Amino acid sequence: MGGLEMFALDDSTGSRSRYAMKVVLLPLQEGEYNIEKGIRTQEEITSYIRITDSLNKVEYCPLKKPFKVYVDSVRYHESSMMPYIEGKMEGTLYNRYDVNDSIVVKDAIFGIH
């Protein structure tokens, strides 16, 4: 099993932004993930993605079509238990309560080290 969690930081203060992205990839491996969930129950073992707006108490999830995450590389280094993960992502995340409100991610490249 594996997963990754990303938070956006406010450049001016170094504190957490009002937006946070959480991505869980199960199992963690190279390849394509078509993620259909933004939330999972405790019993589920599945990949999911969501962006949370803490100011407005809104969560954005893949509601209409799967969100695509492509993991190009998963590497482990001797000095760390955390993997180095690199890849791309794209798709649309919708406000769970108002599907007219959405966030579009297009050709995003990520690297978690």
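What counts and what doesn't
- Residues numbered from 1 in each chain as written.
- Predicted model: local features only at pLDDT ≥ 70, side-chain atom pairs only at ≥ 80, totals over all residues.
- Heavy atoms only, no water.
- Helix = DSSP H or I, 4+ residues; strand = E, 2+ residues; numbered from the N terminus.
- Contact = heavy atoms within 4.5 Å.
- Salt bridge = Lys/Arg side-chain N within 4 Å of Asp/Glu carboxyl O.
- Buried < 20%, exposed > 50% of the residue type's maximum accessible area, 1.4 Å probe, protein only.
- Pairing = 2+ DSSP bridges.
- Polar contact = N/O pair within 3.5 Å; in protein donor to acceptor, adjacent residues only side chain to side chain.

Caption draft 1: Fine view of the environment of Val74. Looking at the secondary structure, you find Val74 in strand β6 (residues 67–75). In sequence terms Val74 and Glu86 are 12 residues apart; their C-alpha atoms lie 6.8 Å from each other. Apart from the residues lying within four places of it in its own chain, the contact partners of Val74 are Leu28, Gln29, Glu30, Pro83 and Tyr84.

Caption draft 2: Representation of unusual backbone geometry. The omega angle of the peptide bond from Leu26 to Pro27 is -15°, so this bond is cis rather than trans. Tracing the chain through its elements places Pro27 in the loop between β2 (16–24) and β3 (31–35). Positive phi, close to 55°, is recorded for Lys57, a residue that is not glycine. Relative to the assigned elements, Lys57 resides in the loop between β4 (48–53) and β5 (58–61). Phi is positive for Asp107, close to 55°, though the residue is something other than glycine. Relative to the helices and strands, Asp107 resides in strand β8 (residues 98–112).

Caption draft 3: How the structure looks around the pattern of salt bridges. Evaluated as defined, the whole model comprises 6 salt bridges. We note a salt bridge from Asp53 to Arg18, for which the minimum N-O separation is 2.8 Å. Pair noted here: Asp53 is in strand β4 and Arg18 is in strand β2, with a separation of 35 residues, a long-range link. Among the salt bridges present, the one from Asp72 reaches Lys88, with a minimum N-O distance of 2.8 Å. On the criterion of sequence distance, the pair formed by Asp72 in strand β6 and Lys88 in strand β7 (residues 84–95) is long-range, its members being 16 residues apart. Residue classification places Asp72 among the partly exposed positions, given a relative accessible area of 44%.

Caption draft 4: Quick look at the pairing of β5. Because side chains alternate across β5, one face comprises the buried residues Val58 and Tyr60, and the other comprises Glu59 and Cys61, equally buried. The sheet contact formed by β4 and β5 spans 3 bridges and is antiparallel. Note that in β5 the partner of Asp53 across the bridge is Val58. Linking β4 back to β5 in an antiparallel pair, the connection comprises 4 residues, with Lys57 at a positive phi of about 55°. The pairing of β5 with β7 spans 2 bridges and is classified as antiparallel. In the strand pairing of β7, Tyr60 is matched with Asn95.

Caption draft 5: Quick peek at the environment of Glu32. Within the secondary structure layout, Glu32 lies in strand β3. Look at Glu32 and you get partly exposed, because its relative accessible area is 45%. Counting along the chain gives 57 residues from Glu32 to Met89, while the straight-line C-alpha distance between them is 9.5 Å. With sequence-adjacent residues up to four places away left out, Glu32 is seen in contact with Lys68, Val69 and Tyr70. In terms of polar contacts, Glu32 uses its side chain to reach the side chain of Asn34, at 3.3 Å.

Coordinates in, geometry out; function isn't part of it.
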